[in-house]
Amino acid sequence: MGAVRALRKLTAEPGLQLVDIPEPVCGDKDVKIRVLRAGLCGTDLHLHDYDEWAAGAMQVPQTLGHEFFGEVAEVGADVTHIAVGDKVSGEGHLVCGVCRNCRAGRRHLCIHTVGVGVNRDGAFADYVVIPAMNAWVHPPDIDPELGVLFDPLGNAVHTALQWPLVGEDVAITGAGPIGVMATAVVRHAGARRICVTDLSAARLALAKAAGADLVVDVTSGGSLGAAQESLGMVEGFDVGLEMSGSPAASRDLIANMNHGGRIAMLGLPKGPYEIDWGPVITHMITIRGIYGREMFETWYLMGAMLATSPELGRSVTSVITGRYAAQDWEAAFAETRSGQGGKVILDWS
């Protein structure tokens with residue numbers, strides 16, 4: 001085996017380098033994947049910057065990247081359900097299999113979860129090795145730009161489908177790539193009215209195209225309260241999806257929920273913040289935290305919805321606004337950091 005390219009953090013300080021490393025070895029229970037596309041997300045920015053969280057999470061040296069699509073190049077001796085040539089994405093959360101939640105079938109709640117590209121070498125490289133059980137096999141003709149989105153789409157699906165949506169009024173705070181994909185999923189699942197808030201006009205345009213009935217730019221004084229009037233609502237939103245991590249967005253969401261409303265929170269805040277718990281209690285609002293995907297039910301749901309709705313697939317891939325060759329990774333990171341566009345992907349093919 002020869003050398004392969006990898007985008008790595010080599011030292012415990014900000015920055016990354018595209019370097020040559022030995023081709024990774026495929027274990028008996030693993031698959032080696034030739035990476036064709038990889039997506040950037042906010043986690044990669046934290047790791048690039050080597051902030052306090054990143055310093056405690058990653059090992060140095062380490063290859064980044066946890067959103068990817070590729071072709072199986074090698075399978076381990078014990079692997080029987082995946083073949084060389086299969087097109088796959090990867091579930092980036094590796095679980096222990098023996099803790100209480102794993103044994104109960106709740107693997108997404110594993111207390112020993114290890115993240116590909118966060119706690120071990122990832123997919124910003126020509127090849128990545130993961131346990132075979134974490135590889136998700138796609139139809140052979142899947143568009144690589146859809147395959148690379150399965151990780152973040154899984155976050156959107158996991159969040160959106162926490163609650164019944166048919167005929168419900170839904171507020172989504174945050175129109176980043178996952179918020180936009182959640183908008184498409186909520187529309188597909190039968191919501192009545194959908195309102196999306198954000199700070200970026202460009203991102204709100206993506207949400208509108210994905211199925212939002214109303215988008216609200218909070219930088220110009222917009223709010224969910226005013227949105228209710230525009231939509232002719234009188235009782236508040238039935239379902240809320242918090243995708244921004246913004247304290248102000250969370251407070252606005254809680255203040256505009258119907259009695260008995262249900263909120264799923266995916267956006268990670270930068271730190272603690274105050275919440276008025278009065279309405280949560282007196283309006284009997286349910287709040288649930290979401291992280292990652294439900295293994296592997298979310299993956300089955302994604303596959304089923306996309307197989308039956310080409311329109312949903314088009315809405316999902318519409319979030320890709322930046323495409324860069326792997327060697328142009330610095331420009332890709334800069335676009336992601338701008339917070340103005342959608343999903344940015346690296347082409348490793």
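Model, not experiment: these values are computed from the prediction.

(A) Spatial organisation of the overall build of the protein. In terms of helices and strands, the protein carries 13 helices and 18 strands. A compact globule built from 349 residues would reach a C-alpha radius of gyration of about 20 Å, and the protein, at 20 Å, matches this within 12%. When the backbone C-alpha atoms are referred to their principal axes, the protein occupies close to 65 × 40 × 40 Å. The burial tally for the protein puts 54% of its 349 residues in the buried class.

(B) Structural view of the pairing of strand 6 (residues 87-90). As paired elements, strand 5 (residues 67-75) and strand 6 share three bridges and run antiparallel to each other. Paired with F69 across the bridge in strand 6 is S89. As paired elements, strand 6 and strand 10 (residues 135-137) share three bridges and run antiparallel to each other. In the strand pairing of strand 10, V88 is matched with V137.

(C) Region of the structure containing unusual backbone geometry. A cis amide bond links V60 to the next residue, P61, at an omega of 0°. In the segment running from M295 into F296, the intervening peptide bond is cis, with an omega of -5°. One can find F296 in the loop between strand 16 (286-289) and helix 11 (297-308). Of note in this structure, Y50 is not a glycine but carries a positive phi near 55°. Along the chain, Y50 turns up in the loop between helix 1 (42-49) and helix 2 (52-57). Its identity as a non-glycine residue notwithstanding, M284 has a phi of 55°, on the positive side.

(D) A look at the sheet that holds strand 12 (residues 193-198). Taking strand neighbours across the sheet as the criterion, the six strands line up as 13-12-11-14-15-16 in an open arrangement whose pairing is parallel. With partners counted over all chains shown, the strands left at the sheet margins are strand 13 (214-217) and strand 16, one partner each. Neighbouring strand axes in the sheet, compared pairwise and without regard to direction, differ in orientation by 15° on average. Sheet analysis places strand 14 (residues 237-242) next to strand 15 (residues 257-265), joined by five bridges and oriented parallel. Bridge pairing in strand 15 places L241 opposite A264. Contacting strand 11 (169-173), strand 12 and strand 14, helix 6 (residues 177-188) crosses the sheet at an angle of about 170° to strand 11.

(E) The sheet that holds strand 2 (residues 17-22), seen in detail. The sheet built from three strands is open, its strands ordered 2-1-4 with antiparallel pairing. A single partner strand is all that each edge strand has here, and the edge strands are strand 2 and strand 4 (62-63). Sheet topology places strand 1 (residues 3-9) next to strand 4; two bridges connect them, and they run antiparallel. Residue pairing across strands places K9 opposite Q62, the latter belonging to strand 4.

(F) Summary view of helix 6. The end-to-end C-alpha distance of helix 6, which contains 12 residues, comes to 17 Å, matching closely the 16 Å that a straight helix rising 1.5 Å per residue would cover. Burial of helix 6 is extensive: nine of the 12 residues sit out of reach of the surface. Every buried residue of helix 6 is accounted for by P177, G179, V180, M181, A182, T183, A184, V185 and V186. In the segment just after helix 6, G190 is the residue with positive phi, at about 100°.

(G) View of the environment of G179. Inspection of the secondary structure puts G179 in helix 6. In this structure G179 comes out as buried when scored by relative accessible area, which is 3%. Spatially, the C-alpha atoms of G179 and T282 are 28 Å apart, while their sequence positions differ by 103 residues. Among all residues touching G179, those that are not within four sequence positions of it are I172, G174 and M243.

Thresholds applied
- Numbers given for residues are sequential positions, taken from 1 along each chain in its written order.
- Side-chain atom pairs in this predicted model are given and counted only at pLDDT of 80 or more, local residue features only at pLDDT of at least 70, and totals for whole chains, interfaces and linings cover all residues.
- Computation of side-chain values covers all heavy atoms of the structure but excludes hydrogens and water.
- In this description a helix means any DSSP run of H or I spanning at least four residues, a strand means any run of E spanning at least two, and both kinds are numbered starting from the N terminus.
- This radius of gyration counts C-alpha atoms alone. The globule rule is 2.2 Å times how many residues there are, raised to the power 0.38.
- The rule is simple: take the accessible area with a 1.4 Å probe, protein chains only, and divide by the maximum for that residue type; under 20% is buried, over 50% is exposed, in between is partly exposed.
- Note on pairing: two strands pair once DSSP finds at least 2 bridges between them.
- Note on method: axes are straight lines fitted to C-alpha atoms, helices fitted across the in-contact stretch only, with angles between N-to-C directions ranging 0 to 180 degrees.
- In this analysis, two residues are considered to be in contact whenever any of their non-hydrogen atoms come within 4.5 Å of each other.
- An expected span of 1.5 Å times one less than the residue number is assigned to each helix.

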